[in-house]
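# Topology and contacts: notes
So you can see what is in the structure, the chains are spelled out below.
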Amino acid sequence: MKKIIYLCVLFFSFQSQVVAQINHIRWGTSKNPLEGLTITWQSTGTTDMIKWGYSSTFEQGTFPGVGRPGYSDTFYDYKFPNLNANTTLYYQLLNSQNSTWTPTKTFNTAPQINTANFSFIATGDSRGGAIVWQAISDLANLQQTDLTIFNGDIVSDAGIASQWDDWFDAGASFLEKNLVLHALGNHDALSIPNYLNNFELPKSSSGVDGAELYYAVNYGEAVIISLDSEIPEDTDQYNWLIATLQANQNKRWKIISFHKPFYTIGPHIGEMDNYYTTWWKAFDDYGVDLILNGHDHMYERAKPINRNISTTSPVPVYGSGPSEGKCQIVCGGAGAGLTNLSSGWYIESFLRSHNFCKFEVTHNTLCGNVYDETNLLIDSFCIDKTPLATVTQKTNFNPIVLAPNPAIDTFRIEYNSINLGELIISVFDMNGKLINTKKSQKKGLEFSYKYDASQLQSGVYTVELQMGSQKDHALLIKK
């Protein structure tokens, strides 16, 4: 009998320890990576605390967390004072229900505020794919970047607590180590109160309700602007966007994040068309460099687009100058089911794959490497602002016309570039698998080639033309 009682005591003690725990640790900010940095955690306690420092002695002291109702249990926030840059922060959290501290945890702070060099991850659309989200977030965690931009659709239904639990649990290793800036997705918008309550986000200066749904972060030589694509028609948000771009005209890099893309070959094509004359016009007029989106579950990179110059063809190079084009990336591959694809003249690179993007920013370059869920490199590119007099090689995008497109048995390749010599023609399927390679000679500016597509199955393909290090791409639909 004593043994049974003892085992029961052990069982209930164990159960209490399981329930009385701290979990779902994440990092946000009210301003930038060093100022306003905030840690949030979920707990069963009522008066939780944090102790922290720049060493394992937690020399900065012990401080109360600020509690508030969560979607379950209690959320606690602690906003750090302005932090030392490029250093390791040590901390422990106290669960006040059972008076136990977590093991010592660490967080690496970002480079100084006036830095020219920093790195970040971009991803989105984990929605319902916990296993893939864990794989993607674990790989992204190994990159050790300074911040992350998440382009929306965290869960399938933001009103369901268990979905948030699954997301926080699957991404725990990543979320405990990385500051994340979020943009609202359409599935997140199913419960905006839950979305806003889960994260500490910067607030815009507009003073309107829900200001955290669009905001700007100034960091180093960059401004990062997050928009709410659930209400692109909203006049207050548009006026705020214009004012923010005007105030940051002298920033070296202008990076925009929102959920719904303008240019896509996924099923959500056309959803932002009505806002070319407002949002996209502002991007062109004020020299935005990089646009990050989700919504379609795959990876795609647009050719340089500048609608002030052409609405039907790309311009030669990426950049923020009046004759240069925006680089739009759809990286909606953090877990949601992959979507079917179509075709479009505006896409340079695509892959029907789960993915995440890593960006390295310097004074003159913004370069991206894109990885799939196995950590395979699937795309890389740079936006280069080195003065033209010293550029040794700058990526140019030469026009390719495929006709007819869609193709049945054959199609003709029409290609214009200054390069002469051997030209390699490669065809890849939508999963990036090489299907066929042919060689030809390009003897003048204009090149024409009749391609036999009778052996290709129905689907979407990338046609790549390579001369030396120069590569150009076009999408083909085979009926």
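Given the structure is predicted, the values throughout are model-derived calculations rather than measurements.

Thresholds applied
Each residue is numbered by its place in its chain's sequence as written, counting from 1. With pLDDT at 70 or above as the cut-off, local features in this predicted model cover only qualifying residues; side-chain atom pairs require 80 or more to be listed or tallied, and sums for whole chains, interfaces and linings still use all residues. For side-chain calculations, the full set of non-hydrogen atoms in the structure is used, while hydrogens and water are omitted. Looking at any residue, its pLDDT shows the predictor's confidence there, from 0 to 100. Two residues form a contact once any of their heavy atoms are found within 4.5 Å. The disulfide definition used here is simple: a pair of cysteine sulfur atoms within 2.5 Å. Numbering of helices and strands runs from the N terminus; a helix is a DSSP stretch of H or I covering at least four residues, while a strand is a stretch of E covering at least two. Only protein chains enter the calculation, and the probe is 1.4 Å; a residue is then buried if its accessible area is under 20% of its type maximum, exposed if over 50%, and partly exposed in between. Polar contact is defined as a pair of N or O atoms within 3.5 Å, subject to the rule that within protein one atom must be able to donate a hydrogen and the other to accept it, and that residues adjacent in sequence are counted only when both atoms are side-chain atoms. An expected span of 1.5 Å times one less than the residue number is assigned to each helix. Only rings of Phe, Tyr and Trp enter the pairing, Trp through its six-membered ring, and a pair is recorded when the two centres are within 6.5 Å. The plane angle decides the type: under 30 degrees is stacked, over 60 is edge-to-face, the rest tilted. Pairing between two strands is assigned when DSSP locates at least 2 bridges connecting them. To get an axis, fit a line to the C-alpha atoms, keeping to the stretch in contact for a helix; angles then go from 0 to 180 degrees between the N-to-C directions. Lining residues are defined by having an atom within 4 Å of a point belonging to a cavity or pocket. Those points lie on a 1 Å grid over the protein atoms alone, cavities being sets where a 1.4 Å probe fits but cannot get out and pockets being open sets with protein on both sides within 12 Å along at least five of seven lines. Grid points are joined across faces, edges and corners, and a volume is the space filled by probe spheres set on the points.

So, on to the confidence of the model for the protein. For the protein, per-residue confidence averages 92 on the pLDDT scale, and residues scoring 70 or more make up 93% of the total. Considering only residues more than four positions removed or in separate chains, one finds that residues 1-19, a stretch of pLDDT under 50, has two contacts.

Throughout the structure, instances matching the rule amount to one disulfide. Each sulfur of the disulfide joining Cys367 and Cys382 lies 1.9 Å from the other. Handedness of the Cys367-Cys382 disulfide follows from its S-S torsion of about 110°: it is right-handed. Linking Cys367 in strand β21 (residues 365-372) with Cys382 in strand β22 (residues 377-384), this pair joins segments that are 15 residues apart in sequence. For Cys327, which is in no disulfide, the shortest distance to another cysteine sulfur is to Cys357 and amounts to 9.4 Å. Classification of Cys327 as buried rests on a relative accessible area of 0%. Cysteine Cys357 is unpaired, with the sulfur of Cys331 as its nearest cysteine sulfur at 4.1 Å. Assessed through its relative accessible area of 1%, Cys357 is described here as buried.

Here the focus is the side chain of Glu348. Turning to its location among the elements, Glu348 is positioned in strand β19 (residues 347-351). There is a polar contact of 2.4 Å between the side chain of Glu348 and the side chain of His473. If we ignore the near neighbours within four places in the chain, the residues touching Glu348 are Arg301, Ala302, Lys303, Phe397, Lys471, Asp472 and His473.

Along an α-helix, a turn takes 3.6 residues, which lines up residues three or four apart on a common side. Look at helix α2 (residues 130-142): 18 Å from first C-alpha to last across 13 residues, which is about the 18 Å you get at 1.5 Å a residue. Of all the residues in α2, the buried ones are Trp133, Ile136, Ser137, Leu139, Ala140 and Asn141. Taken together, the buried residues of α2 touch β10 (118-123), β11 (147-150), α3 (161-170), α4 (172-175), β20 (355-361) and β21. Just beyond α2, the residue with positive phi is Gln144, at close to 55°.

By the definition in use, this model includes 43 aromatic pairs. Ring geometry for Phe262 and Tyr276: centres 5.1 Å apart, planes at 40°, overall tilted. Of the two residues, Phe262 is situated in the loop between β15 (253-257) and α7 (276-285) and Tyr276 in helix α7; the sequence distance between them amounts to 14 residues. For Phe262, a relative accessible area of 2% corresponds to the buried category. For Tyr276, a relative accessible area of 13% translates into the label buried. Summarising the aromatic geometry, the rings of Trp345 and Tyr346 are spaced 5.4 Å apart at their centres and angled 80° between planes, so their arrangement reads as edge-to-face. Look at Tyr346 and you get buried, because its relative accessible area is 10%.

Strand pairing in a sheet relies on backbone hydrogen bonds. The paired strands run either parallel or antiparallel. Spatial ordering of the open sheet is given by β13-β14-β15-β16-β18-β17-β19, a layout of seven strands whose pairing is mixed. Each edge of the open sheet carries a strand with a single partner, namely β13 (215-219) and β19. Across the sheet, the mean angle from the axis of one strand to that of its neighbour is 15°, orientation sign disregarded. Two elements, strand β14 (residues 222-226) and β15, share five bridges in a ladder whose sense is parallel. Looking at β15, one finds that Ala222 is bridged to Trp253. Together, β13, β14 and β15 form the strand contacts of helix α6 (residues 235-247), whose direction differs from that of β14 by roughly 175°.

A few words now on empty space enclosed by the protein. Applying the stated criterion to the full structure yields one cavity of 30 Å³ or more. Volume-wise, the largest cavity comes out at about 30 Å³. Breaking the lining of the largest cavity down by element, the ones donating at least two residues are β1 (23-29) and β2 (37-43). Per-element tally for the lining of the largest cavity: the top contributor is β1, with three residues.

For the rest of this paragraph, the subject is the sheet that holds strand β5 (residues 66-69). Pairing in this open sheet of four strands is antiparallel, and the strands run β1-β2-β6-β5 from one edge to the other. Each having just a single partner strand, β1 and β5 make up the two edges of the open sheet. Between one strand and the next, the sheet's axes are offset by a mean angle of 25°, whatever the strand orientation. Across five bridges, the pairing between β1 and β2 is antiparallel. When the bridges of β2 are listed, Trp27 appears paired with Ile39.

Right, let's talk about the pairing of strand β24 (residues 410-416) for a bit. Residue alternation in β24 divides its side chains into a buried set, Phe411, Ile413 and Tyr415, and an unburied set, Thr410, Arg412, Glu414 and Asn416. Inspection of the sheet shows strand β23 (residues 400-403) paired to β24 by four bridges, in the antiparallel sense. When the sheet's bridge partners are listed, Val401 is paired in β24 with Glu414. Where β23 folds back on β24, the antiparallel hairpin that results is connected by six residues. Pairing of β24 with strand β27 (residues 446-452), which is carried by seven bridges, proceeds in the antiparallel orientation. Across the sheet, residue Tyr415 finds its bridge partner in β27, namely Phe447.

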